[in-house]
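# Observations on chain architecture
Here is what each chain is made of, one letter per residue.
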Amino acid sequence: MSDPAVDPGASAAARPRSLKRSLASIVLGFELVVVFLGALVLFGLGSLPPTVALGGGAALCLVMVATIALLRFPFAYLVGWAVQAVIILSGIFNPALFVVGLIFAALWTYCMISGTRIDRQKEIA
């Protein structure tokens, strides 16, 4: 395996991945499953019209998948924060989603703070 510092042509996969990026992708991945199931709950309970519940859930899932793929860019973390806000606001349709949104927002916040701190410590060392 070649060293990216020595071989500028080394693939991106050979470069070390930041902990912040790894944690963000993990949180969004788990949240993706929960959002999908939440959309099914909103559909099943009739809280929203079927096209809105399933279409909105699918759109949010697609945004989350795209965000995971784009985490190498700084703007993707802002999209991640926006996703957290949308999930919290979805509690308007079902109060249990407030709890789910707050739990994932707390996880996201913790991972962003801890991941950034640890990545900075790794750069100094």
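As shown above, the structure is provided for reference.
The rules behind each value
- Residues numbered from 1 in each chain as written.
- Predicted model: local features only at pLDDT ≥ 70, side-chain atom pairs only at ≥ 80, totals over all residues.
- Heavy atoms only, no water.
- Phe/Tyr/Trp six-rings, centres within 6.5 Å; stacked < 30°, edge-to-face > 60°.
- Helix = DSSP H or I, 4+ residues; strand = E, 2+ residues; numbered from the N terminus.
- Buried < 20%, exposed > 50% of the residue type's maximum accessible area, 1.4 Å probe, protein only.
- Lys NZ or Arg CZ within 6 Å of the ring centre and 35° of its normal.
- Axes fitted to C-alpha atoms, helices over the stretch in contact; angles between N-to-C directions.
- Parallel < 35°, antiparallel > 145°, perpendicular 65-115°, else oblique.
- Left-handed = near helix turned anticlockwise from the far one by under 90°.
- Contact = heavy atoms within 4.5 Å.
- Nonpolar A, V, L, I, M, F, W, Y, C, P; charged D, E, K, R; others polar.

### Quick notes on the packing of aromatic side chains
Pairs of aromatic rings are described using the distance from one ring centre to the other and the angle between the two planes. Overall, the coordinates contain 2 aromatic pairs when judged by the stated rule. Note on W81 and W108: the rings are 6.2 Å apart at their centroids and 90° apart in plane angle, and the pair reads as edge-to-face. Of this pair, W81 sits in helix α3 (residues 75–89) while W108 sits in helix α4 (residues 96–124), placing them 27 residues apart in sequence. For W108, a relative accessible area of 0% puts it in the buried group. For the cation-ring pair, K20 lies above Y77, with the distance from its terminal atom to the ring centre recorded as 4.5 Å.

### Structural notes on the packing of helix α1 (residues 19–45) against α3
Running from N to C, α1 and α3 point in directions that differ by 30°, and their axes come no closer than 12 Å. Our classification of the angle between α1 and α3 gives roughly parallel. As α1 packs across α3, the resulting crossing turns out to be left-handed. Across from K20, R21, A24, L28, E31 and V35 in α1, the residues of α3 making contact are Y77, Q84 and I87. Grouping the constituent residues of the contact of α1 with α3 by class yields 5 nonpolar, 1 polar and 3 charged.

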